[in-house]
Amino acid sequence: MTARPFRAPAEFPVHLDRAMGAPLPVQLAAALREVIDSGALRPGEEVPATRRLAGRLGVARGVAVSAYEQLIAEGYLRAERGRGTVVNPDLAPGSAAEGGAPAGEGGSRAGAAPRAAAGGDPPDPAGLGAADPASRPPLAPGAPITDAAERPAWRAAWRSAAARADRRPPAPGDPRLRAELAEHLRLVRGTARPARDVLVTAGTREGLGLLLTALGTTRGNDLVVGVEDPGYPSLRGVAARHGARIVSLPVDADGLRTDRLPSGVLDLVIVTPSHQYPVGGSLPLPRRRELLDWARRTGVVVVEDDYDSELRHVGSPLPALAALDDPVSGSVVTLGTFSSTVTPALAAGFLLAPEQLRALLEPVRRDLGSPVSAVVQLALAEYLASGELRRTIARVRRRHAARRDLISERFAGVAGARVRPMSGGLHAVIELGGPPGAAREREAQAVARAAAPAPGLPNGLGVAALGAYWQHHRPGRTAGLVLGMGGPDGEEFGAAIERLRAILAEGE
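The paragraphs below set out a description of the structure included in this document. (Residues numbered from 1 in each chain as written. Predicted model: local features only at pLDDT ≥ 70, side-chain atom pairs only at ≥ 80, totals over all residues. Heavy atoms only, no water.)

**Observations regarding the packing of aromatic side chains**
Threshold: The pairing test for Phe, Tyr and Trp rings, Trp by its six-membered ring, is centres within 6.5 Å, and the orientation test on the planes gives stacked under 30 degrees, edge-to-face over 60, and tilted for anything in between. Strands here are runs of E lasting at least two residues and helices are runs of H or I lasting at least four, both read from the DSSP assignment and numbered beginning at the N terminus.
Overall, the coordinates contain 5 aromatic pairs when judged by the stated rule. Each ring, one from Trp-154 and one from Trp-158, has its centre 5.6 Å from the other, and the planes form 80°; the classification is edge-to-face. With Trp-154 and Trp-158 both in helix H5 (residues 152–162) and 4 residues apart, the pair spans about one turn of that helix. Taking 5.8 Å as the distance between ring centres and 65° as the angle between the ring planes, the aromatic pair formed by Tyr-232 and Tyr-277 counts as edge-to-face. Here Tyr-277 lies in the loop between strand S7 (268–271) and helix H9 (285–298) and Tyr-232 lies in the loop between strand S4 (224–229) and helix H8 (233–241), a separation of 45 residues in the sequence.

Next comes the structure, spelled out in structure tokens:
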């Protein structure tokens with residue numbers, strides 16, 4: 001009998017609003033009912049322990065206990081000896097669950113940030129990219145912590161895949177990998193969608209290119225694409241290379257300004273709702289719904305760049321835009337990558353599309369063929385089925401939380417420098433205060449000094465100027481530094497932080 005692989009309780013998205021009149025336990029119970037009814041949690045699956053869920057949501061444990069007790073009384077949950085609390089196994093699956101991903105071939109199913117390779121090189125405005133990871137500066141944005149490839153589960157997955165590498169996967173992707181991806185997204189991002197809605201890509205940039213090509217055949221080649229400003233330069237470049245006209249869209253501390261979206265102008269908009277790049281805001285639920293309503297009215301396709309949503313280390317993640325969208329006639333295409341959670345060298349990712357948009361994508365994929373080799377797809381399917389990816393994500397979250405605390409602590413006393421609040425992701429932003437002109441000058445000087453070699457730091461630090469992420473360099477823009485948190489462990493990372501602190505302190 002095949003042993004059942006370990007699977008941690010699903011990290012379903014929950015949003016609690018303290019400003020609402022309803023008590024928090026009532027809100028939590030209602031949110032859990034919705035998750036179960038939608039099929040994002042299935043009969044028999046474990047839910048997080050009350051202490052863990054309360055810690056994630058930032059509420060007292062009694063809130064979670066009260067919500068669980070209510071749902072147990074209603075028959076939604078069941079407390080089982082030795083397993084904790086699970087979704088009642090006797091519940092009939094809802095219609096959303098029935099369309100879920102089928103089991104992978106011959107095994108159980110189990111559960112993407114700056115990125116690299118064909119999946120989208122990390123933002124590297126300062127030209128600090130390096131093919132050899134050992135020569136990459138320690139604070140360069142886009143260097144994830146990816147020791148997954150050094151662990152036994154990843155090696156085992158590759159050995160298994162190599163034995164079957166003569167198989168040629170269908171153009172949309174290996175069926176088992178698509179099923180594992182659909183299950184992973186259901187458990188981590190709350191999207192109860194069938195495996196057929198998932199296409200395997202060579203990463204975020206390739207997935208966007210596929211979508212632009214498909215839209216170009218139906219809407220004409222003169223596409224107009226809206227991008228966040230400031231935003232991720234690489235995806236902006238992909239759209240431009242496909243001949244699209246780029247329109248800048250303003251953002252604030254919470255992400256995209258949905259109250260300032262134009263009508264009758266755009267064909268597609270690229271957003272980073274989980275963790276705006278580079279400012280770091282998480283798009284609030286009301287704005288997410290406003291964005292989806294606007295997309296439905298205008299016919300605009302919304303590209304959800306989900307580059308580091310899994311690496312949130314404070315609070316509970318908001319649902320993916322795709323989880324709020326209509327699975328048939330919806331507007332949201334989600335792009336994901338394995339660069340941040342497995343290795344940037346993999347050059348593999350995925351695309352999640354509603355049925356009507358998927359119907360446009362599949363013929364293009366069949367014509368162009370799959371850019372991801374069979375062995376890579378088979379290895380990823382095996383790795384996802386083992387449950388190791390979710391354990392890796394949990395480890396990376398803890399390590400990034402520790403680095404976030406270190407950065408906040410070390411720059412707390414530096415005059416004219418403010419670390420923006422960080423709830424997740426693989427980078428931090430240090431804003432520089434003062435008159436705009438002086439702040440921009442300080443930004444340029446800090447980046448230049450940080451690029452110079454120093455004792456123990458032969459490749460410099462690699463921090464990038466915040467101004468490099470703006471499409472239009474506005475005179476009053478915020479000045480600052482963007483630094484990655486995924487570089488080397490231990491002493492070198494600590495030494496790099498101390499070096500940057502000294503640079504900023506000297507430039508006060």
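**Considerations on the sheet that holds strand S11 (residues 417–419)**
Neighbouring strands of a sheet are bound in pairs by backbone hydrogen bonds; such pairs are parallel or else antiparallel. We apply this condition: DSSP calls a pair of strands paired once it identifies at least 2 bridges connecting them. Pairs of residues are marked as contacts when any of their non-hydrogen atoms sit within 4.5 Å. To get an axis, a line is fitted to the C-alpha atoms, and for a helix only the part in contact is used. The angle between two axes follows their N-to-C directions and goes from 0 to 180 degrees.
An order of S11-S12-S14-S13 is seen for the 4 strands of this open sheet, with the pairing classed as antiparallel. At either margin of the open sheet sits one strand with a lone partner, and together these are S11 and strand S13 (464–465). As paired strands, S13 and strand S14 (residues 479–484) are joined by 2 bridges and run antiparallel to one another. In the sheet register, Ala-464 faces S14, and the bridge partner there is Val-482. The strands touched by helix H15 (residues 491–506) are S11, strand S12 (427–432) and S14; relative to S14, the strand with the most contacts, the crossing angle is about 170°.

**A word on the nonpolar core**
The condition that has to hold: Residues belong to a common nonpolar core when they are buried Ala, Val, Leu, Ile, Met, Phe, Trp, Tyr or Cys residues joined through side-chain atoms within 4.5 Å. Each residue gets one of three labels from its accessible area relative to the maximum for its type: buried under 20%, exposed over 50%, partly exposed in between, using a 1.4 Å probe on protein chains only.
Of all hydrophobic cores here, the largest spans 46 residues; its most connected members are Leu-181, Leu-291, Trp-294, Val-302, Phe-338, Leu-346 and Leu-380. Looking at this core, the element that brings in the most residues is helix H12 (residues 374–386), giving 7 residues. Once you skip the residues sitting within four places of it in the chain, Leu-291 turns out to touch Leu-256, Thr-258, Leu-261, Val-271, Leu-283, Val-302 and Leu-321. Counting 35 residues, the second largest nonpolar core, distinct from the first, contains Leu-208, Val-238, Ile-270 and Val-333.

**What about the sheet that holds strand S6 (residues 255–256)?**
Ordered in space as S3-S10-S9-S8-S7-S4-S5-S6, the 8 strands form an open sheet in which the pairing is mixed. Among the strands making up the open sheet, the edge pair consists of strand S3 (198–201) and S6. Examined bridge by bridge, S4 and S7 share 3 bridges and lie parallel to one another. Within S7, the position partnered with Val-225 by the bridge is Leu-268. Across the sheet, H8 touches S4, strand S5 (245–252), S7 and strand S8 (301–305), and the angle it forms with S4 is around 165°. Its contacts with the sheet place helix H11 (residues 355–368) against S3, S8, strand S9 (332–337) and strand S10 (349–352), and it is angled at close to 35° to S3.

**What about the pairing of S14?**
The two faces of a sheet get side chains in turn, since along a regular strand they alternate between them. Burial within S14 is extensive, with 6 of its 6 residues counted as buried. On S14, burial covers both faces: Ala-479, Leu-481 and Leu-483 on one face and Gly-480, Val-482 and Gly-484 on the other are all buried. Where S12 lies against S14, 6 bridges are found, and the strand directions are antiparallel. Considered in S14, the bridge of Glu-431 is made with Gly-480.

**Considerations on the packing of helix H7 (residues 204–219) against H8**
Threshold: Orientation is classified from the angle alone, with under 35 degrees giving roughly parallel, over 145 giving roughly antiparallel, 65 to 115 giving roughly perpendicular, and any other angle giving oblique. Crossing handedness follows the turn of the near helix against the far one: under a right angle anticlockwise gives a left-handed crossing, and clockwise gives a right-handed one.
For the pair H7 and H8, interaxial distance at closest approach is 10 Å and the crossing angle is 30°. As the angle between them shows, H7 and H8 are arranged roughly parallel. Helix-helix and strand crossings are classified by hand; for H7 and H8 the assignment is right-handed. Listed contacts from H8 to Thr-204, Arg-205, Leu-208, Gly-209 and Leu-212 of H7 are Ser-234, Leu-235, Val-238 and Ala-239.

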